[in-house]
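These are the residues of each chain, in order.
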Amino acid sequence: MPDFDPSRNRFGVDEFPEQEDEPIEDTYSILAQTFLIVSVIIAAKICLREFIPWKGEIELAEISLVFTGLFFLLGIMFSNVNADLKEAEKMPMDVVSSLDQLEDSFILASSKISDKVDLSEMQSLLLAFAISWRDMMLKDNGITYGDTLHCLSDIVVLVRDWDKKGAANTAPIVVVIDKVRRVVSRGTVVQRTEVLPAARALLNFFVFMSCVLLFLASYKTLVALSMVISCVMTVCIFMARIIQAMDDPFNIRPPLGIQRWIYGHMAAVQVFPLTEYITRMERRKIKSDEAARLRLQTMAGVMLPK
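Residues numbered from 1 in each chain as written. Predicted model: local features only at pLDDT ≥ 70, side-chain atom pairs only at ≥ 80, totals over all residues. Heavy atoms only, no water.

## A word on helix H3 (residues 120–137)
- Taking 1.5 Å of rise per residue, 18 residues should cover 26 Å, and H3 covers 26 Å from first to last C-alpha, within 8% of that figure.
- The element H3 is extensively covered by neighbouring structure, given that 13 of its 18 residues are classed as buried.
- Following H3 by one or two positions, Lys139 has its phi on the positive side, about 60°. (Helix = DSSP H or I, 4+ residues; strand = E, 2+ residues; numbered from the N terminus. Expected span 1.5 Å × (residues − 1). Buried < 20%, exposed > 50% of the residue type's maximum accessible area, 1.4 Å probe, protein only.)

## Points about the environment of Thr234
- Structurally, Thr234 is set in helix H7 (residues 222–246).
- Assessed through its relative accessible area of 9%, Thr234 is described here as buried.
- Apart from the residues within four sequence positions on either side, Thr234 is in contact with Leu31, Thr34, Phe35, Val38, Ile229 and Met239. (Contact = heavy atoms within 4.5 Å.)

## Overview of the packing of aromatic side chains
- Scanning the entire structure with this criterion turns up 3 aromatic pairs.
- Geometrically, the ring pair formed by Trp54 and Phe215 is tilted, given 6.4 Å between the ring centres and 40° between the ring planes. Note that Trp54 is positioned in the loop between helix H1 (27–51) and helix H2 (64–109) and Phe215 in helix H6 (residues 197–216), a separation of 161 residues in sequence.
- You can call Phe215 partly exposed: its relative accessible area is 21%.
- Their ring planes at 85° and their centres at 5.2 Å tell us that Phe106 and Trp162 sit as a pair that is edge-to-face. Taken together, the positions of Phe106 in helix H2 and Trp162 in helix H4 (residues 145–164) put the pair 56 residues apart, joining distant regions of the chain.
- For Trp162, a relative accessible area of 5% translates into the label buried.
- Sitting over the ring of Phe215, Lys45 keeps its end group 5.7 Å from the ring centre. (Phe/Tyr/Trp six-rings, centres within 6.5 Å; stacked < 30°, edge-to-face > 60°. Lys NZ or Arg CZ within 6 Å of the ring centre and 35° of its normal.)

## Describing the nonpolar core
- Formed by 73 residues in total, the largest nonpolar core has its most connected members in Phe129, Trp133, Leu203 and Ile229.
- Counting only elements with at least two residues in this core, the list comes to H1, H2, H3, H4, helix H5 (171–192), H6, H7 and helix H9 (272–300).
- The element contributing the most residues to this core is H2, with 16 residues.
- Residues contacting Ile229, with those up to four places away along its chain left out, are Val38, Ile41, Ile42, Lys45, Leu214, Tyr219 and Thr234. (Core = buried A, V, L, I, M, F, W, Y, C linked by side-chain atoms within 4.5 Å.)

## Regarding the environment of Asp135
- By secondary structure assignment, the location of Asp135 is in helix H3.
- The class for Asp135 is buried, based on a relative accessible area of 6%.
- Residues Asp135 and Thr148 lie 13 residues apart in sequence; the distance between their C-alpha atoms is 9.4 Å.
- If we ignore the near neighbours within four places in the chain, the residues touching Asp135 are Asp140, Asn141 and Ile143.

## Quick word on the packing of H2 against H6
- In contact at an axis separation of 10 Å, H2 and H6 are set at 145° when each is read in the N-to-C sense. You can see that H2 and H6 cross each other, and the crossing is left-handed. Side by side, H2 and H6 meet where Val66, Phe67, Leu70, Leu73, Leu74 and Met77 of the first sit next to Ala199, Arg200, Leu202, Leu203, Phe206, Val207, Ser210, Leu213 and Leu214 of the second.
- Within the contact of H2 with H6, the residues separate by chemical class into 13 nonpolar, 1 polar and 1 charged. (Axes fitted to C-alpha atoms, helices over the stretch in contact; angles between N-to-C directions. Left-handed = near helix turned anticlockwise from the far one by under 90°. Nonpolar A, V, L, I, M, F, W, Y, C, P; charged D, E, K, R; others polar.)

## Here we look at the packing of H4 against H5
- H5 packs onto H4 with a crossing angle of 180° between their chain directions and a minimal axis gap of 11 Å. Put simply, H4 runs roughly antiparallel to H5. Two secondary-structure elements touch here, H4 through Tyr145, Thr148, Leu149, Leu152, Ile155, Val156 and Val159 and H5 through Ile173, Val174, Ile177, Val180, Arg181, Val184, Ser185, Thr188 and Arg192.
- A per-class count over the contact of H4 with H5 returns 11 nonpolar, 3 polar and 2 charged. (Parallel < 35°, antiparallel > 145°, perpendicular 65-115°, else oblique.)

## So, the pattern of salt bridges
- Under the counting rule described, the total for this entry stands at 9 salt bridges.
- Among the salt bridges present, the one from Arg49 reaches Glu50, with a minimum N-O distance of 3.7 Å.
- Under the relative-accessibility criterion, Glu50 is labelled partly exposed at 43%.
- Residues joined in a network through salt bridges with shared partners are Asp84, Glu87 and Arg186. (Salt bridge = Lys/Arg side-chain N within 4 Å of Asp/Glu carboxyl O.)

## A look at the confidence of the model for the chain
- Confidence in the prediction for the chain averages 76 pLDDT; 76% of positions are at 70 or higher.
- Below a pLDDT of 50 lies the segment residues 1–25, which in the model reaches 46 contacts outside its immediate sequence neighbourhood of four places, other chains included.
- Here residues 254–265 is a poorly scored stretch, pLDDT under 50, and it has 23 contacts once near neighbours within four places are set aside; other chains count. (pLDDT = per-residue confidence, 0-100.)

Structure, rendered in structure tokens:
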């Protein structure tokens, strides 16, 4: 079994690597953009009221049912996408915990193998899977769901090889691999499944019509006009944009063009546990490779080039 230095932490490094957060657009930026849209509508309404003059054609009491239905629809759709977001937030840490458990299980299984076991291959496979799953969820480097499952299959092949060499109980390793596979599959479903298109179209229609009705409504004073339009329109537009952003919780990379301005990416799930794990594993693998080189050097009695 590999020797662990008690003066160091469980991960074999002096300290945890510090990772910078992914660039995520501030939620207040989206709110400011929404206020800008609402301010333009209020200014246009005030100009029509004061200079034409045109106060409106509809009483607010006549359109109250429209806003009741809109807020009801907003609540249903927000609860739907929020459930996926909360589930997605737990996935990176669940995967990291399972990968650490896999490494521990491999170390324990190696205690029954008579020959000296090189753990670098196991660490390379775990590292390859972690990078593959991260890139797949962030839509980087063209990594697909099949590529990530192939990395898990490589780990299963390693378990089979160790079992042939007489490794201790390897069944728990397969159980943990199955757990990781379930998390990966669920993450793929969350990433690919969108809100019902008909419901999203209905929401966009309701938001648009609500803005039109608020613009056509009549108000007794300028204060009432400003407060009602600013409050109701801000809630409707902002919530619709948040629902759209939360529909893909792993959309950390900013969209391009008008989609970036409209939807942003402020609801993205952070994958820093996985990024920190990759950094830790790379450091541990370097240490394992160096230890293997020193063992070969001792056995051969010569200095091997680094």
